[in-house]
Amino acid sequence: MNIPQGKLRDRISILTTGGKTQNKYGEEESVDVPIATVWGRVMMGRPAERYISDARHGEITAVVHIRYRSDVTTHHRLQWGDRVLEIAGTPFDPDGRRCWLEIHCYEQS
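Here we summarise the structure given alongside this text. These figures come from a predicted structure and were not determined experimentally. (Residues numbered from 1 in each chain as written. Predicted model: local features only at pLDDT ≥ 70, side-chain atom pairs only at ≥ 80, totals over all residues. Heavy atoms only, no water.)

### Digging into the pairing of strand β3 (residues 55-67)
Rules: We treat two strands as partners when DSSP finds at least two bridges between them. In this text, helices come from DSSP runs of H or I with a minimum length of four residues, and strands from runs of E with a minimum of two, each type numbered from the N-terminal end.
Note: strand β2 (residues 28-52) against β3, 11 bridges, orientation antiparallel. Directly across from Ile52, in β3, lies its bridge partner Ala55. Connecting β2 to the antiparallel partner β3 that follows it, the hairpin turn spans 2 residues, and Ser53 within it adopts a positive phi of roughly 50°.

### Here we look at the pairing of strand β4 (residues 77-80)
Side-chain positions along a regular strand alternate between the two faces of the sheet. As judged from the 4 bridges shared by strand β1 (residues 10-22) and β4, these two strands associate in the antiparallel manner. By the bridge assignment for β4, Ile12 is matched with Trp80. In terms of strand pairing, β4 meets strand β5 (residues 83-87) through 4 bridges, oriented antiparallel. Residue Leu78 lies in a different strand from β5, and its bridge partner there is Leu85. Where β4 folds back onto β5 in an antiparallel hairpin, the turn is made up of 2 residues, including Gly81, whose phi is positive at roughly 65°.

### Let's talk about the sheet that holds β3
The condition is simple: Axes here mean lines fitted to C-alpha atoms, for a helix over just the part in contact, with angles spanning 0 to 180 degrees between N-to-C directions.
Spatial ordering of the closed barrel is given by β1-β2-β3-β6-β5-β4, a layout of 6 strands whose pairing is antiparallel. Strand-to-strand, the axes of this sheet are offset by a mean angle of 50°, without reference to chain direction.

### Digging into the pattern of salt bridges
To keep things clear, this is the line we draw: Salt bridge, as applied in this entry: a Lys or Arg side-chain nitrogen positioned within 4 Å of an Asp or Glu carboxyl oxygen. Whether a residue is buried, partly exposed or exposed follows from its accessible area with a 1.4 Å probe, protein chains only, as a fraction of its type maximum: under 20%, in between, or over 50%, in that order.
For the structure on display, the rule yields 4 salt bridges. Asp32 is paired through a salt bridge with Arg77; the nearest N and O atoms lie 2.5 Å apart. Taken together, the residues Asp32 in strand β2 and Arg77 in strand β4 connect sequence positions 45 residues apart. Judged by relative accessible area, Asp32 falls into the partly exposed class, the value being 25%. Between Glu107 and Arg83 there is a salt bridge whose closest N-O contact spans 3.5 Å. Of this pair, Glu107 sits in strand β6 (residues 100-108) while Arg83 sits in strand β5, placing them 24 residues apart in sequence. You can call Arg83 partly exposed: its relative accessible area is 28%. Residues joined by salt bridges that share partners form a network here, namely Asp32, Arg77 and Glu86.

Shown next, in the form of structure tokens:
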């Protein structure tokens, strides 16, 4: 897999669940903390709707390519602009050369 450097046009933040804060009602909420911001390429897929427990849920899939990092797992999330993408499966190295990382994600509405 060879991605030209000019194709890495998107700024992507890798988020992890950090500390806790209190909302205006005094309840504790977990906060996502960025651990790194990298250049990458985001390719959005098709939107889909599913019914879960008789409720309709919208979902959009995405494939994200970044330079290889060994610390990205399914416990992280990716932020691309104002969108937060959940990692759907284990990120993998498509050609085994540790140059690129392919991450399959989804965004729920």
